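Letter by letter, the chains look like this.
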Amino acid sequence: MIELVQVNKSYSGKVKAVDDLTLTVPAGEIVGFLGPNGAGKTTTLKMLTGILNPDSGSIRINGLELHREPIRVKEQIGFVPDSPDIFLRLKGIEYLRFMADLYRVGGAERRQRIEEYTARFEMAEVLGNKIQSYSHGMRQKIVLIGALLHDPAVWILDEPLTGLDPKSSFLLKEILRSEAGKGKTVFFSTHVLDVAERLCDRVAIIHKGRLLFDGTIAAMRDHFKADESLEKMFLEMTEDE
Amino acid sequence: MNRYLALSRILLKSSITPPASGRHERTKTALLMLFVAVSMLPLVAALALTVSKLYDPLAAIGQQGVLLGFGCAISGLIIFIFGIFYTINVYYFAQDVEFLLPLPLKAGEILGAKFTITLLFEYLTQLLILAPLLVTFGIRSGAGLSYYLLAAGVYLSLPVIPLVLASLLAMALMSYSSIASHKDRFRIWAGGLGLIAALGVQFAMQKVMAGRKPEDFVRLLQEGKNSLADWAVQLFPGVRLAVKALLQQGAAAGWLNLVLFLLLTGLFILILRLAGGALYFRGAVGGSESYAAHRALNAAEMAEAGRSGGQLGALILKEIRLLVRTPAFFMNCVLVNFIWPVMILFVMTSGEQEDIEGLRRLVGSNVSLATLLLAGIGAALLVAGVSGASASGISREGSQFFTSKYLPAPYLTQLKAKMTVAFLLALAGFALLLGVLAVLFQLPAAAIGLLLLATLPAIAFPVLAGMLLDVHFPKLVWDNEYRAVKQNMSIVLLMVISGLAGAACIWMALRYSAAGWTPAVTAVLLLMAVDAGLYFMLAKKGADWLAAISA
């Protein structure tokens, strides 16, 4: 479970990126995090993963306070950043070993998961190559596999579908559904409203750092009292602000 | 605005690290820059003093011009040699190339803007060598306003020709070979070749000097009228006119020579423009392609991949792999540790046999082990201080620094991994140096063992101090890996601090050679105490400092 309570973050003390955000993502649910560019989505995800410190407020992952027990919290998270351009000069397999070592994944498990995920995402053929030589989609896939190796209890993904081919995109959505079904927490940001509409149990909409809506798509439709598409509701909501 | 000017402005802005966000951070950065500038003053002062001391004896025989000749030639040579690698990196391998190529810009406009920015940085390099020379020469010769105006003209135009030549060579290399598809491999080879070329130039110059008959120098000296300066400028083409302009400052001939020099410089720029128009895109387009045939793992490799290791080991391995595979990091953090033995071998093999024998006898008989130990500590400080491995440990992460924040490894473990790698590299480099010296001077194994042991705190000092500096002043914003290590204040500052400490040890070794073991033991104990203090600070506060860096 992810809990954000009255979290604030501003840049240079002037620009308020996240404004008094309170949000809960329960275990076993897939929650989509929506908002226009610059709304505060990435800032929120960065605070959840320890990349940024909030100015105030509290962040708890599965009951653990992030600022008190950062390492234990990070060990529970599988994070996919918005840019997959990391450790480009490592070979695919070297990156996966590195991630497995840092997340303390045992020998038998790591081998089994590397084989399973690289086969499913069709990456086994390029594991001996440097990540530098991968396409954007392949880089996205290797980062994704690295984040899955330790079988995280909480998944945090920043625009995870960007750059993925249709097959990999479908596969990822399948995995997300299956993991949520097993009681894992899945929280991801996306611009693709169709994906949010079809995949998410709930959506949270943020605009100018403030949470505008948190609930199911059905609740949102009730809110607008109309059978509109998520896109139309989203546009109306963020235009009003 | 003209597109060339607009592009130059943007490139200049992105070349200079944007100011840190908070006021506190900005003040810290400004103070660091000031400190680095001040720490350069002794070097500038030493050069000015040398020029000043040499002026009178040379002026007495009418050969004072040799100072300008050598100064300008050496300055040009440095710009040319380093310019080859610098221009390749800036013209072809900078991250902005991919953004510039789709824009409606002519090759000449991109090349012109990049050349301009490179030239501006060369003016900074010249500040250390050429500026003190020109100013001291002007003061000592009692020159008037016209000299300083001519000197300003020379200062601004002198680096152009060497840089054009370096650019032409870079463009030829990139256009007429397939190396651009193997960027990393090429840059690592180019770096190694550059090092060999630099040593080769030094070697060749020594041979030329040694090969020149003493009668030649006597003849040149007797001729007076700065005939030696004429000889010096032959070391690098195009400098003769600039030197003549400065030497004939009182007469119209001085201005005429400057005008001729400027015309020659203009001609070179024109050649660059023409060559750039024809060649630049050939090398730049496709520069980001990375060749790789698909390679799956075999069963043994997959079994190996299944072996688990600790966090520290994984971080060390990652650090080593990135250092070795990233050309700019390889050159400045790895290779630099191992240049000393090569340099010693070059010097020893190119020197006069009698001098070397004399040096051997001196080290073998007259120098006590205690003195050798103190000198060794000084050398270790100098050698380890030049490596940028520790002082760029955080900076090298650049835009992917955020990974350090979300990975579940304690910050202190991350710092330890970086320091361990830097220490091992410096230790390996110094051990190799000792090995070479042991063979050359036939030092006993026990002395070498003791030297290695006693110099461990000296090797650890730059590693710890470098990490402490970089964790406070990380240069995380760069568009080219080269900038992370070449334009990194922490590395410069560490070189100055370690250099001064090393020089002090060597000076003490020479000055107090009869004082027995006390100076050497004191130095070891002092360094151990400083190292312990630095480690304590890093262990206590390092994690907080790292956590405070914005990703």
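Just so it is clear, the model here is predicted, and its values are computed rather than measured. (Residues numbered from 1 in each chain as written. Chains lettered and ligands numbered in written order. Predicted model: local features only at pLDDT ≥ 70, side-chain atom pairs only at ≥ 80, totals over all residues. Heavy atoms only, no water.)

Peer 1: How would you summarise the overall build of chain A if you had to cite specific residues and measurements?
Peer 2: Along chain A, the regular secondary structure elements total nine helices and ten strands. Sequence separation of at least 24 residues holds for 66% of the intrachain contacts in chain A that already meet a minimum separation of 6. For chain A, the accessible area works out to roughly 9600 Å², and carbon and sulfur atoms hold 47% of it. (Helix = DSSP H or I, 4+ residues; strand = E, 2+ residues; numbered from the N terminus. Contact = heavy atoms within 4.5 Å. Areas by Shrake-Rupley, 256 points an atom, 1.4 Å probe, with all protein chains shown as cover.)

Peer 1: I'd like a rundown of the interface of chain A and chain B, residues and numbers included.
Peer 2: Chain A puts 42 residues into the contact, and the matching count from chain B is 42 residues. The largest share of the area that chain A buries against chain B comes from A:Phe87, A:Arg89 and A:Leu102, three residues that together contribute 19% of it. Linking chain A with chain B are three salt bridges, by the criterion used here. B:Arg325 is paired through a salt bridge with A:Glu94; the nearest N and O atoms lie 2.6 Å apart. At the junction of chain A and chain B, the tally comes to nine residue pairs in polar contact (both at pLDDT 80 or more). Going through the elements one at a time, helix H2 (70-76), helix H3 (92-102) and helix H4 (107-120) of chain A are the ones with two or more residues in the side of chain A that touches chain B. With seven residues, the top contributor of residues to the side of chain A that touches chain B is H3(A). Tallied by class, the residues present in the side of chain A that touches chain B amount to 18 nonpolar, ten polar and 14 charged. (Buried area = accessible area lost by both parts, 1.4 Å probe. Salt bridge = Lys/Arg side-chain N within 4 Å of Asp/Glu carboxyl O. Polar contact = N/O pair within 3.5 Å; in protein donor to acceptor, adjacent residues only side chain to side chain. Nonpolar A, V, L, I, M, F, W, Y, C, P; charged D, E, K, R; others polar.)

Peer 1: An account of the sheet that holds strand S8 (residues 185-189) of chain A is needed here, citing residue identities and associated values.
Peer 2: All names here are of chain A. With mixed pairing, the six strands of this open sheet are ordered in space as S6-S7-S8-S3-S9-S10. If you trace the sheet from one side to the other, it starts and ends with strand S6 (77-80) and strand S10 (210-215), each paired once. Each neighbouring strand pair of the sheet contributes to a mean axis angle of 15°, computed without reference to strand direction. Summarising the sheet, strand S7 (residues 154-158) and S8 pair through five bridges and their orientation is parallel. The partner of Trp155 across the bridge, within S8, is Val186. (Pairing = 2+ DSSP bridges. Axes fitted to C-alpha atoms, helices over the stretch in contact; angles between N-to-C directions.)

Peer 1: Describe the packing of aromatic side chains, naming the residues involved and giving the relevant values.
Peer 2: This structure, assessed with the given rule, holds 14 aromatic pairs over all chains. Ring geometry for A:Phe87 against A:Phe98: centres 5.4 Å apart, planes inclined by 70°, an arrangement best described as edge-to-face. With a gap of eleven residues between them, A:Phe87 in the loop between S6 and H3 and A:Phe98 in helix H3 connect regions that are remote in the sequence. Owing to a relative accessible area of 2%, A:Phe87 belongs among the buried residues under this scheme. The buried category is assigned to A:Phe98, whose relative accessible area is 4%. In textbook terms, an aromatic cluster arises when at least three aromatic residues are bridged by ring pairs, as seen for B:Tyr55, B:Phe137, B:Tyr147 and B:Tyr148. Against the face of B:Phe329 rests B:Arg396, its NZ or CZ located 5.9 Å from the ring centre. (Phe/Tyr/Trp six-rings, centres within 6.5 Å; stacked < 30°, edge-to-face > 60°. Buried < 20%, exposed > 50% of the residue type's maximum accessible area, 1.4 Å probe, protein only. Lys NZ or Arg CZ within 6 Å of the ring centre and 35° of its normal.)

Peer 1: Report on the environment of B:Phe430, specifying residues and quantitative values.
Peer 2: Residue and element names in this part refer to chain B. Mapping Phe430 onto the fold places it in helix H20 (residues 411-441). On the accessibility criterion, Phe430 (2% relative accessible area) is buried. Along the backbone, Phe430 and Ala380 are 50 residues apart, and their C-alpha atoms lie at a distance of 6.6 Å. Apart from the residues lying within four places of it in its own chain, the contact partners of Phe430 are Gly376, Ala379, Ala380, Val383, Leu452, Thr455 and Ile459.

Peer 1: Provide a residue-level description of helix H5 (residues 107-140) of chain B, including the pertinent values.
Peer 2: Residue and element names in this part refer to chain B. With 34 residues, H5 ought to run about 50 Å at 1.5 Å a step, and its terminal C-alpha atoms sit 46 Å apart, in line with that. In the structure, H5 departs most strongly from a straight axis at Leu127, where the bend amounts to approximately 60°. Buried residues dominate H5, accounting for 24 of its 34 residues. Backbone geometry just after H5 places Gly142 at a positive phi near 60°. (Expected span 1.5 Å × (residues − 1). Bend = angle between axes of the 7 residues up to and from the residue.)

Peer 1: If you had to explain the side chain of B:Ser8 to someone new, which residues and values would you point to?
Peer 2: Residues and elements named next belong to chain B. Tracing the sequence through the fold places Ser8 in helix H1 (residues 3-15). For Ser8, a relative accessible area of 9% translates into the label buried. Here Ser8 is in contact with Ala113, Thr116 and Ile117, once residues within four sequence places are set aside.

Peer 1: Explain the environment of B:Trp517 residue by residue, including any values.
Peer 2: All names here are of chain B. Tracing the backbone through its elements, the reader meets Trp517 in the loop between helix H24 (489-511) and helix H25 (518-548). Classification of Trp517 as partly exposed rests on a relative accessible area of 42%. Residues Trp517 and Ser368 lie 149 residues apart in sequence; the distance between their C-alpha atoms is 9.3 Å. Not counting the four nearest positions on each side in its chain, Trp517 is found in contact with Leu369, Ala370, Leu373 and Leu450.

Peer 1: Give me the lowdown on the pattern of salt bridges, citing residues and values where you can.
Peer 2: Following the criterion strictly, the structure yields 31 salt bridges over all chains and no others. A:Asp101 is paired through a salt bridge with A:Arg110; the nearest N and O atoms lie 2.7 Å apart. The two residues A:Asp101 and A:Arg110 agree in class, both being buried. Between B:Glu109 and B:Arg3 there is a salt bridge, with the nearest N and O atoms lying 3.6 Å from each other. Taken together, the residues B:Glu109 in helix H5 and B:Arg3 in helix H1 connect sequence positions 106 residues apart. On the basis of relative accessible area, B:Glu109 is assigned to the buried category, the value being 16%. Given the relative accessible area of 42%, B:Arg3 is considered partly exposed. Look at the salt bridges and you will find they share partners, linking B:Lys318, B:Glu319, B:Arg396, B:Glu397 and B:Lys418 into a network.

Peer 1: Please give an account of the nonpolar core that cites residues and values.
Peer 2: Of all hydrophobic cores here, the largest spans 228 residues; its most connected members are A:Ile2, A:Leu48, A:Tyr95, A:Ile142, A:Phe187 and B:Tyr280. With 15 residues, H20(B) is the single largest residue contributor to this core. With near-sequence residues (within four places) excluded, A:Leu48 lies in contact with A:Ile2, A:Leu4, A:Ile59, A:Ile61, A:Leu66, A:Ile77, A:Ile156 and A:Phe187. (Core = buried A, V, L, I, M, F, W, Y, C linked by side-chain atoms within 4.5 Å.)

Peer 1: I'd like to hear about the sheet that holds strand S4 (residues 56-61) of chain A, residue by residue, with values.
Peer 2: Residue and element names in this part refer to chain A. Taken in spatial order, the four strands of this open sheet run S2-S1-S4-S5, and their pairing is antiparallel. The open sheet has two edge strands, strand S2 (15-25) and strand S5 (64-65), and neither has a second partner. The pairing of S4 with S5 spans two bridges and is antiparallel. Bridged to Ile61 within S5 is Leu64. The strands touched by helix H1 (residues 41-48) within the sheet are strand S1 (2-11), S2 and S4, with S1 carrying the most contacts at an inclination of about 120°.

Peer 1: Before we move on, can you summarise the side chain of B:Gln400 with the specific residues and values?
Peer 2: The topology assignment puts B:Gln400 in the loop between helix H18 (369-386) and helix H19 (402-406). Since its relative accessible area comes to 13%, B:Gln400 is described here as buried. At a separation of 2.9 Å, a polar atom in the side chain of B:Gln400 contacts the main-chain amide nitrogen of A:Phe87.

Peer 1: Can you break down the packing of H5(B) against helix H12 (residues 252-284) of chain B residue by residue, with the values?
Peer 2: Residue and element names in this part refer to chain B. Contact geometry for H5 and H12: axes closest at 8 Å, N-to-C directions at 115°. Relative to H12, the element H5 is oriented roughly perpendicular. As for how H5 packs across H12, the hand of that crossing is right-handed. Of the residues in H12, those in contact with Ala107, Ile110, Leu111, Lys114 and Phe115 of H5 are Leu272, Gly276, Gly277, Tyr280 and Phe281. Taken together, the residues of the contact of H5 with H12 sort by class into seven nonpolar, two polar and one charged. (Parallel < 35°, antiparallel > 145°, perpendicular 65-115°, else oblique. Left-handed = near helix turned anticlockwise from the far one by under 90°.)

Peer 1: Residues and numbers for the pairing of strand S3 (residues 30-34) of chain A, please.
Peer 2: In terms of burial, S3(A) is largely enclosed, as five of its five residues are buried. What you see with S3(A) is no split at all: A:Ile30, A:Gly32 and A:Leu34 on one side and A:Val31 and A:Phe33 on the other are buried throughout.

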